[in-house]
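Descriptive structure summary
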Amino acid sequence: MSNPTSSSPPAIRTGTGGEPHQIAGPGQPVLTTNHGMMISDDHNSLRAGPRVTDGAAAGAISSLLKAARGAGANVKIICPTIGGVALDDGTRLKADHQLGGGPSVLFDAVAIIASEAGTAALLGDAAAVAWVHDAFAHLKVIGVTQAAMPLLDHRRPRSHTHK
């Protein structure tokens with residue numbers, strides 16, 4: 001068994017802007033920060049955290065999971081409770097995290113896939129609103145279904161609203 005701390009450093013290649021890119025290995029995405037700083041090899045996988053409510057569209061969840069996993073993302077489902085949610089087609093979706101245990105800062109990208117009733121419930125939950133606010137404040141990529149748009153509208157700073 002090899003010791004990961006004694007392994008040789010990963011190979012480096014230069015991007016079109018002269019920035020260094022770490023070569024993580026076969027089938028792994030190459031990541032750098034926006035300043036060209038290499039991201040260590042053990043962080044070369046994207047983490048996506050969709051926030052899902054009861055009644056959310058099963059088709060939207062399925063499409064998101066297929067696309068994210070197809071891109072190599074490590075997807076963790078966040079639900080109001082650890083018991084998961086019932087989707088609009090009656091299927092049950094298991095939760096990897098409940099809201100309090102899966103903050104948006106843990107993920108590179110988040111999505112809010114909610115029914116209208118689920119969105120109304122989230123708007124009344126300070127922790128859920130804070131989850132969205134934190135994702136916005138930490139510049140996460142945020143995907144959202146039409147029914148969940150009020151959560152983004154609710155957190156948009158008033159000075160940035162456009163008429």
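The rules behind these values
- Every chain is numbered on its own, with residues counted from 1 as its sequence reads.
- Selection of residues for local features in this predicted model requires a pLDDT of at least 70, selection of side-chain atom pairs for listing and counting requires 80 or more, and totals for whole chains, interfaces and linings are taken over all residues.
- Hydrogen atoms and water are omitted, and side-chain values are computed over all heavy atoms in the structure.
- Nonpolar core, defined: a set of buried Ala, Val, Leu, Ile, Met, Phe, Trp, Tyr and Cys residues in which side-chain atoms within 4.5 Å join the residues together.
- Each residue is placed in one exposure class: buried if its accessible area under a 1.4 Å probe, protein chains only, is under 20% of its type's maximum, exposed if it is over 50%, and partly exposed if it falls in between.
- By definition, any uninterrupted DSSP run of H or I lasting at least four residues is a helix, any uninterrupted run of E lasting at least two residues is a strand, and each is numbered from the N terminus.
- Contact definition: two residues touch when any of their heavy atoms are within 4.5 Å.
- Strand pairing is assigned whenever DSSP detects at least two bridges linking the two strands.

1. What about the nonpolar core?
Ranked by internal contacts, the top residues of the largest apolar core, which has 17 residues, are Val52, Ile61, Val75, Ile77, Val85, Leu87 and Leu93. If one sorts the elements of this core by residue count, helix 1 (residues 58-70) sits on top with 4 residues. Residues contacting Leu87, with those up to four places away along its chain left out, are Val52, Gly55, Ala56, Ala58, Ile61 and Leu93. Core analysis: the second largest hydrophobic core is formed by 13 residues, Ile112, Val132, Ala135 and Leu151 among them.

2. Quick look at unusual backbone geometry
Despite not being glycine, Leu139 has its phi angle at roughly 60°, a positive value. Structurally, Leu139 is set in the loop between helix 3 (126-137) and strand 10 (141-144). A relative accessible area of 74% places Leu139 in the exposed class.

3. Thoughts on the pairing of strand 9 (residues 109-113)
Of all 5 residues making up strand 9, 4 are buried, and the element is well covered by its neighbours. In this structure, strand 3 (residues 47-52) lies alongside strand 9, joined through 5 bridges in parallel fashion. Within strand 9, the residue paired with Arg51 across the bridge is Ile112. Strand direction decides the pairing type here: strand 9 and strand 10, joined by 4 bridges, are parallel. What sits directly across from Val110, in strand 10, is Ile142.

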